[in-house]
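Residue strings, one per chain:
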Amino acid sequence: MKKFFTFALMAVATLTAQAQDIQLHYDFGKHLYETEEGGRQPVTVTIEQFKADQWGSWYYFVDFDLDKGRNMAAYTEISREFNLGKNSPFAAHVEFDGGLNEESGSFQQAALVGGAWNGHNADFSTTYSVQLMYKQFFKSYGYTRNYASVQLTGVWSTTFAQKKCTFSGFIDFWRGEIADKGKLVILTEPQFWFNATPHLSVGTEVEISNNFVWNPVNDKSFFVNPTLALKWNF
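**Quick notes on the overall build of the protein chain**
Phase 1: Counting secondary structure elements, the protein chain contains two helices and 13 strands.
Phase 2: Against the 2.2 N^0.38 benchmark of 17 Å for 234 residues, the protein chain shows a C-alpha radius of gyration of 18 Å, consistent with a compact globule.
Phase 3: Reported as C-alpha extents along the three principal axes, the dimensions of the protein chain are approximately 50 × 40 × 25 Å.
Phase 4: Expressed as a percentage of its 234 residues, the buried residues of the protein chain come to 43%.

**A closer look at the side chain of Ser 201**
Phase 1: Looking at where Ser 201 falls in the secondary structure, it is placed in strand 12 (residues 200–210).
Phase 2: Given the relative accessible area of 0%, Ser 201 is considered buried.
Phase 3: Within the structure, Ser 201 has its side chain in polar contact with the side chain of Asn 195 (distance 2.8 Å).

**Side note on unusual backbone geometry**
Phase 1: Look at Phe 124: it is not a glycine, yet its phi comes out positive at around 65°.
Phase 2: Its place among the elements puts Phe 124 in the loop between strand 6 (110–120) and strand 7 (126–137).
Phase 3: Judged by relative accessible area, Phe 124 falls into the partly exposed class, the value being 21%.
Phase 4: We note that Gln 162 has phi near 55°; this positive angle belongs to a residue other than glycine.
Phase 5: Along the chain, Gln 162 falls in the loop between strand 8 (147–160) and strand 9 (165–178).
Phase 6: For Gln 162, a relative accessible area of 78% gives the class exposed.

**Description of the packing of aromatic side chains**
Phase 1: Per the stated rule, a full pass over the model turns up eight aromatic pairs.
Phase 2: Judged by centre distance (4.9 Å) and plane angle (75°), the rings of Tyr 33 and Phe 223 are edge-to-face. Taken together, the residues Tyr 33 in the loop between helix 2 (29–32) and strand 2 (43–52) and Phe 223 in strand 13 (residues 222–233) connect sequence positions 190 residues apart.
Phase 3: Under the relative-accessibility criterion, Phe 223 is labelled buried at 0%.
Phase 4: Between Trp 174 and Phe 212, the aromatic rings sit 6.1 Å apart at their centres with planes inclined by 85°, giving edge-to-face as the arrangement. Taken together, the positions of Trp 174 in strand 9 and Phe 212 in the loop between strand 12 and strand 13 put the pair 38 residues apart, joining distant regions of the chain.
Phase 5: Pairwise contacts between aromatic rings join Phe 61, Tyr 75 and Phe 107 into one cluster.

Reading the values: rules and limits
Residues numbered from 1 in each chain as written. Predicted model: local features only at pLDDT ≥ 70, side-chain atom pairs only at ≥ 80, totals over all residues. Heavy atoms only, no water. Helix = DSSP H or I, 4+ residues; strand = E, 2+ residues; numbered from the N terminus. Rg over C-alpha atoms; globule rule 2.2 N^0.38 Å. Buried < 20%, exposed > 50% of the residue type's maximum accessible area, 1.4 Å probe, protein only. Polar contact = N/O pair within 3.5 Å; in protein donor to acceptor, adjacent residues only side chain to side chain. Phe/Tyr/Trp six-rings, centres within 6.5 Å; stacked < 30°, edge-to-face > 60°.

So, in structure tokens, the structure goes:
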């Protein structure tokens, strides 16, 4: 789990100016890739919130990775957007990514700043965003170091079938460093939800990545990690 689905929340927040949900995911990754991802945590709890105001919006999420009743890691992304003009689709975007984990003590922290182009259809049942940002990584533990990067992000959400189904997700592209070599990192996490009630949804998330999963065992860099999930919308 990494992301935020900002615009899925924005669709709800159009009338309320805020939206919040909690998700419970069972991750099948460690069963699919026992050699490369045998230590992957099987359960993730995600809390996320979006709130709009007169200047723009706040968004954050926190992932808690659980294994055998223990919290193994906590990862967060928090962002702020400032509208660039009334009714303008453009916004300034600032963001912080980071957190703590048991293995290294920390995820590598990063700060991002750039612009966003946001849009939606007439009733907000479909929303989308494209963000282009400068990304600064910081030395956060042993073998990490400071370096500059660029990130391109796309975010989407569409609700259909009389609001019973939602397809949402994001895709990120950025320059990462693996073994001191620059690599293009690709990460996408599409989600599909069946909205059983206005509050309860049942669905799945599929993490698809290349050069994202830390794999010291072999040369495999492409992974597909699906989950089975529940979501409660407050």
